[in-house]
Amino acid sequence: MTEGLVVLGGLGADAHSVGLSILRRALTEAGYRVDFLGIQNSLREFFEVAGGADVVMLSCMDGHARTYLAEFADLRTEFADIDTLWYIGGNLSVNDADRLLAELAPQGFSRVFPGYVDIPTVLSVLVEDLFVRPRKQAVIPVRRPELKTRPLPVPVDDRMSLADFRRIRREVLDTWRTGAGAADLEGNAKFLIRQPSFAQAQLSAGRVLLQPRSGVALVADQLELFKVLRDAGGDVLSYQIDSLTRSNAYDIAEQSIAESRSLCESVLNGFPMVNHGVEPLRRIISHVRTPLQTRHSTRDPRLLAEISCAGGVTGYEGGAICYNIPYFKDYPLAESLARWQYVDRLAGLYSDQFGVIIDREFFGTLTAVLIPPCLAITVTVIETLLAVGQGVRSVSLGCAEQGNRAQDIAAIRVLREFATRTLVNLGYHNVRVNTVFHQYMAAFPQDTRRAGELIVASATTAGLSGATRMLTKTPVEATRIPSAADNREGVTLSRFGLEMAQRTTVDEAAVAREERVLRLEVEQLLESVFVAGGGSLTVGVVNSFHKGLLDIPFAPSLENRGDVVTARDPSGAVRFLSVGNLQFSDEVREFHRSAMADRRRRSEWATVQHDVLQIQAGEYERWPLDG
């Protein structure tokens, strides 16, 4: 007899997928049957498959559980014949987890796990709860997930015509009532040209720029937050966009703005830029006088881009791959390519027609967990080529720290080298290339002291790498959404780490070894994409993911094969346990086999699980891991 049937999945717009993948495997190895729904499911979708389940496990990491659970009581009544245990866990509330906890138990939740809970605890609780319950013997339907959205034709590589852009633009601006405020491109440009330039700040700094992230529901609070971060030493600042806007749920975001006003505190995990519109953004930049960027992961980014630019924001992040494959389950690449082509054409028009440079950044962090630098570099170079083809003149390519200093330094250096060389080889001589170092983006240490130590050492690595800009973290990343004071502390720690870099030596021999391997890997990956496209980069992207020539670890997308398996070698560098169908040479494959030989003595999944959870659990001696 099996241990029972568990339905497992992510709730609402939340895009976090790595923890779900780890838990799914742990449950399976413990003998449970798992009906895995992946991320971004409605509450009704859980109820529709709950009838045969012993336990339904919901995950919500974006702080909006109350919004996503609004129909829970009604659905319990509608599906009154369902007898199952309901669990929910994650970062459940932006501002009031205790109150939400008190609300959920009476609604019918057997277990509520706010914040981090380790897998042994989950398994122990399951045994306890199911001990006195007869197991259900329902057969799990054989699920072969398919894209629900009808895919569009793959867009051509050519620069979008003005006629097509204008036709699509009318539709984009009509998406929400605030779109009309962004309609006047020339008027927007006259305002933009007088604002602090994100691209110029990167060009003239001569040092690593510090960039904290921040986002709250109300305009006045966002302005005050920006002032605090600017005064704390933030060189450039960013609007962190809320989860509801990222899923284009502007109507629900509107309700949350009203609730935030009523409570006098933000109930959103970011800034709902589309709902606020252009004029509030212009007031903010007029007071802050610091270069601003919009950071998000929006499914349809076009209206957000229009309002962002019109509002005086001169940096815009995201791309067709980096803001699709790691963030969405059911989003055809052809569709995201077309939408981001529009965004890049918009940025190109501001440059070509009005001389306003909009910096376009690509999120090489991807899923953030055990990402080999070669995949981050390849993806961001591809997105760079797609962007400059539409007229973009300033690009920023990001890469997330993984924890081996030599590898992380090599990643930033090779990132800049490959992007610059590829652009020149293709005739793009006037594009500004910047590199972005993301402080460790996976699950942070629970201990705030150790988290602070990680931030300092991380900033030292960024300084040694020569990155243009660094995205900062805070010591409370693992426990709550950071406050203004938390962000201020993160900036202070990062500044200290950059100062330490001036007194720290680099093992250049180790960096050179990493650079050599990275160059081989990126060259081979890029070549396979170009070949797969038969002369078209957009076709090459779509074909490469379908064939596994590009494959992102832990990505939730149904467009991603998921055959690649990664872990750390004994020095903490990220290597491949399985390269899947990535088109690497025998030399590269042998390098990874040899690097991981000692760690293959454990089961593959035990190795991966340890490495994913290692930092959050505090099971490491020092940071960086090769220190």
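Residues numbered from 1 in each chain as written. Predicted model: local features only at pLDDT ≥ 70, side-chain atom pairs only at ≥ 80, totals over all residues. Heavy atoms only, no water.

### Digging into the packing of helix H10 (residues 219-232) against helix H20 (residues 484-501)
Where H10 contacts H20, the axes come no closer than 9 Å and their chain directions differ by 20 degrees. Here H20 runs roughly parallel to H10, going by the angle between their axes. Here H10 and H20 pass one another in a crossing that is right-handed. Within the contact between the two elements, H10 uses Leu-225, Val-228, Leu-229 and Ala-232 and H20 uses Ala-484, Asn-487, Arg-488 and Val-491. In the contact of H10 with H20, the residues fall into 6 nonpolar, 1 polar and 1 charged. (Axes fitted to C-alpha atoms, helices over the stretch in contact; angles between N-to-C directions. Helix = DSSP H or I, 4+ residues; strand = E, 2+ residues; numbered from the N terminus. Parallel < 35°, antiparallel > 145°, perpendicular 65-115°, else oblique. Left-handed = near helix turned anticlockwise from the far one by under 90°. Contact = heavy atoms within 4.5 Å. Nonpolar A, V, L, I, M, F, W, Y, C, P; charged D, E, K, R; others polar.)

### Things to note about the packing of aromatic side chains
Here the distance between the centres and the angle between the planes together describe a pair of aromatic rings. Applying the stated criterion across every chain yields a total of 21 aromatic pairs. Pairing Phe-72 with Trp-86 gives two aromatic rings, centres 5.4 Å apart and planes at 90 degrees, and the pair type is edge-to-face. One end of the pair, Phe-72, is in helix H4 (residues 72-78); the other, Trp-86, is in strand E4 (residues 85-90), and 14 residues separate them in sequence. For the pair Phe-72 and Trp-86, a shared accessibility class is recorded, and that class is buried. Aromatic pair Phe-165 and Tyr-342: ring centres 4.7 Å apart, planes at 20 degrees, arrangement stacked. Highlighted residues: Phe-165 in helix H7 (residues 162-173) and Tyr-342 in helix H16 (residues 333-354), separated in sequence by 177 residues. Residue Phe-165 shares its accessibility class with Tyr-342, and that shared class is buried. (Phe/Tyr/Trp six-rings, centres within 6.5 Å; stacked < 30°, edge-to-face > 60°. Buried < 20%, exposed > 50% of the residue type's maximum accessible area, 1.4 Å probe, protein only.)

### Things to note about the sheet that holds strand E1 (residues 5-11)
The strand order across the open sheet formed by 5 strands is E2-E1-E3-E4-E5, and the pairing between neighbours is parallel. Every other strand in the sheet has two partners, leaving strand E2 (33-41) and strand E5 (111-114) as the edge strands with one partner each. Going across the sheet, the axis of each strand differs from the next one's by a mean of 15 degrees, ignoring polarity. Sheet topology note: the E4/E5 ladder contains 4 bridges and is parallel. (Pairing = 2+ DSSP bridges.)

### As for the pattern of salt bridges
Tallied over the full model, the rule gives 40 salt bridges. A salt bridge links Arg-495 to Asp-235, with the nearest nitrogen and oxygen atoms 3.7 Å apart. Within this pair, whereas Arg-495 is found in helix H20, its partner Asp-235 is found in the loop between H10 and strand E8 (237-240), the two being separated by 260 residues in sequence. On the accessibility criterion, Arg-495 (25% relative accessible area) is partly exposed. A salt bridge links Glu-621 to Arg-622, with the shortest nitrogen-to-oxygen separation between them at 3.3 Å. In this structure Glu-621 comes out as exposed when scored by relative accessible area, which is 68%. (Salt bridge = Lys/Arg side-chain N within 4 Å of Asp/Glu carboxyl O.)

### What about the sheet that holds strand E9 (residues 292-295)?
Spatial strand order, E6-E14-E13-E12-E11-E10-E9-E8-E7: 9 strands in an open sheet with parallel pairing. Where the open sheet ends on each side, the last strands, each with one partner, are strand E6 (209-211) and strand E7 (213-214). Pairing of strand E11 (residues 359-362) with strand E12 (residues 394-400) involves 4 bridges; the strand directions are parallel. Residue Glu-361 lies in a different strand from E12, and its bridge partner there is Ser-396. In this fold helix H17 (residues 373-388) packs onto E11 and E12, with an angle of close to 165 degrees to the strand it touches most, E12. Running over the sheet, helix H18 (residues 405-425) touches E12 and strand E13 (432-438) and is turned about 160 degrees from E13.

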